[in-house]
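Residue-level listing of the chains:
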Amino acid sequence: MTGGSSTGDADGFGPPVPEPPADFLVDAPEPDWLEHAFATGEWPEEATLGCRVVSRESRYDAPDPAAEPEPGWVAPGVDVGHPLLEAIRTATDVLSADGRTGLGWLSAPQTGIALVDAHRLVARASALVAVLVQHAEEVELHRSNGASTAAVWLANATATTRRDAYRFARVGEAIIGDTSRYRTHLAPACETGGVDTEQADVIVKALDALPQGLPAELRLQAEEAMVGFAADHDARALRAIGKRILTVIAPEVGEAHEAALLEREEREARATSRLSMVSDGLGRVWGRFVLPELHGAMLRKALDAYAAPQHLNTNDDPAQRFSAGRPTPERYGQAFQRLLEMLDQKDLPATGGTGATVVVTMTLESLLGGLASASLDTGGTISAAEARRLACEAGLIPAVLGTKSEVLDLGRTARFHTKAMRTAMATRDRGCVAEGCTRPPHQTHAHHLTAWAQGGHTNVHDGCLLCDQHHHQIHDPLYLVERLGTGKLRFTRRE
């Protein structure tokens, strides 16, 4: 043999390697189509055999894989915070820093900017609370502890008054979501802090009170106008504006609506008018009342006529001195007394066949200067000094009794000074005749220098003008009264 066989051993010698049987199969190697595609730039058709080809425009109909939770969202079993919670925590951390640091460096203009911005920040945070209360209602948070509503849950959890909690709920319900009523103008204003929740609540109530059949464009215009007014008006002013908002944007519609609204309010006010009084047994009567707007204004006007003037005098007794700083309720209390005392019984209707005038029963000795108390026909009692003072001018009738309780005199209101007499005394005295007092004539009472019961006459010569305080003092046994050559009266407290 001249040629080597590849089937022999390494040096060409050795036994021959037998050929494989004819039925022995060897698998062809798998082509690497990806390598082929990189090398040739083509993707052969053979590579797609047994595969489903889907175009880029169509969707494969296999079920979509479950979406992974976005970073920051709460997932069951995963300790990851919601982005809103993270934002609140971040804001809390920022505000936890001592805000007074460097406060002394703020100039006046910077302080103004800080105040406005801080208030706007509070308004934005309040709007977030309102939105969260509405969301809490949707997810039924209140069921977790048995509260009736999300607002009640908030009140319980934060020690907020239910009034404020329900305000948050009303505002949140009106501005959150695509179905909210006032999402066009009011919602953005709340979210940016331009309208606080108190203003927003007033706006919501005003817009909800608009007529049901009002066109949508007018309702939207009213919402825009109210939000605009909120930039310069507080909640109280907005409440008044809200009642007339239709008159502002659509006078022809607003006048009829306002008239109907006022008529309804007046009917309800008349129906709910109340006045209650009770005596406490200590010489005082406590009461409370509810009046329509008109009658409340009439009462305030009448009281202001007596209560508004400020006055200082030279009384030596601090307890009796009129102070310019007295609180308004005290002034109104004193004015109310004056108003009742000055009522003319002729202007009052008769009750039981007699005039609606209080009858004061007292003995002749008390009328002439004694200390025995006087009794009222209503069952109460007053001091003799108070009865003598009222006998001068107030619309009370003194029934003077003798030693055997027989009626000696039933005083008549004819003893009162006339308007002409008061005018003459005002021209002469120019006000209260007490020494050092500057109270003007229209704030004084007419007083008999010689008591009516002691033979005094109702005329200009025997009369003078005294303010309310000095009229009380001239009938008070604790004071001595001296008439000076100038016509003035000097009051001296007894030791």
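Our subject in this report is the structure included herewith. Here the residue numbering is sequential within each chain, running from 1 through the sequence in written order. Note on the predicted model: pLDDT of at least 70 is required for a residue's local features to be given, and 80 or more for side-chain atom pairs to be given and counted; whole-chain, interface and lining totals, by contrast, use all residues. As a rule here, side-chain values cover all heavy atoms of the structure and leave hydrogens and water aside.

1. What about the packing of helix 12 (residues 293-307) against helix 13 (residues 328-341)?
We apply this condition: Structural elements are reduced to axes, namely lines fitted to C-alpha atoms, with helices fitted over the stretch in contact, and the angle between N-to-C directions of any two is expressed from 0 to 180 degrees. The helix count covers DSSP runs of H or I at least four residues long, the strand count covers runs of E at least two residues long, and both are numbered beginning at the N terminus. The labels follow the angle: roughly parallel below 35 degrees, roughly antiparallel above 145, roughly perpendicular from 65 to 115, and oblique for the rest. Throughout, a residue-residue contact means that at least one pair of heavy atoms, one from each residue, lies within 4.5 Å. We call Asp, Glu, Lys and Arg charged. Ala, Val, Leu, Ile, Met, Phe, Trp, Tyr, Cys and Pro are nonpolar, and the rest, Gly among them, are polar.
In contact at an axis separation of 8 Å, helix 12 and helix 13 are set at 100° when each is read in the N-to-C sense. Comparing the axis directions of helix 12 and helix 13 gives the class roughly perpendicular. In this structure, helix 12 uses Leu299, Arg300, Ala302, Leu303, Asp304, Tyr306 and Ala307 to contact helix 13, whose residues at the interface are Arg331, Tyr332, Ala335, Phe336, Arg338 and Leu339. Grouping the constituent residues of the contact of helix 12 with helix 13 by class yields 9 nonpolar, no polar and 4 charged.

2. As for the pattern of salt bridges
Heads up, the rule is: For this analysis, a salt bridge means a side-chain nitrogen from Lys or Arg found within 4 Å of a carboxyl oxygen belonging to Asp or Glu. Relative accessibility decides the category of a residue: with a 1.4 Å probe and only protein chains considered, values under 20% of the type maximum give buried, values over 50% give exposed, and everything between is partly exposed.
In this structure the tally under the stated criterion is 12 salt bridges. Among the ionic pairs, Asp201 bridges to Arg167, the shortest N-O distance being 3.9 Å. With a gap of 34 residues between them, Asp201 in helix 7 (residues 197-208) and Arg167 in helix 5 (residues 162-175) connect regions that are remote in the sequence. Like Asp201, the residue Arg167 is buried in the burial classification.

3. Some points on the pairing of strand 10 (residues 444-448)
This is how it is decided: Here, strands pair whenever DSSP counts at least two bridges between them.
Within strand 10, 5 of the 5 residues are buried, which leaves it mostly tucked inside the rest of the structure. A two-sided burial pattern is seen for strand 10, the buried positions comprising Thr444, Ala446 and His448 on one face and His445 and His447 on the other. Bridge count between strand 10 and strand 11 (residues 463-467): 5 bridges; the pairing is antiparallel. Within strand 11, the residue paired with His448 across the bridge is Gly463.

4. Some thoughts on a nonpolar patch on the surface
This is how it is decided: Patch building starts from residues that exceed 30% relative accessible area and form no salt bridge, then joins like charges within 9 Å and nonpolar side chains (Val, Leu, Ile, Met, Phe, Trp, Tyr) within 5 Å. Here the accessible surface of atoms and residues is derived via Shrake-Rupley with a 1.4 Å probe, and residues count as covered only by protein chains that are part of the display.
Side chains of Leu275, Met277, Val285, Phe289 and Leu291 sit close together on the surface and give an oily, nonpolar patch of about 550 Å² of accessible area. Of all the secondary structure elements, the ones that give two or more residues to the nonpolar patch are strand 1 (274-279) and strand 2 (285-290). Mapped onto the elements of the fold, Met277 is located in strand 1.

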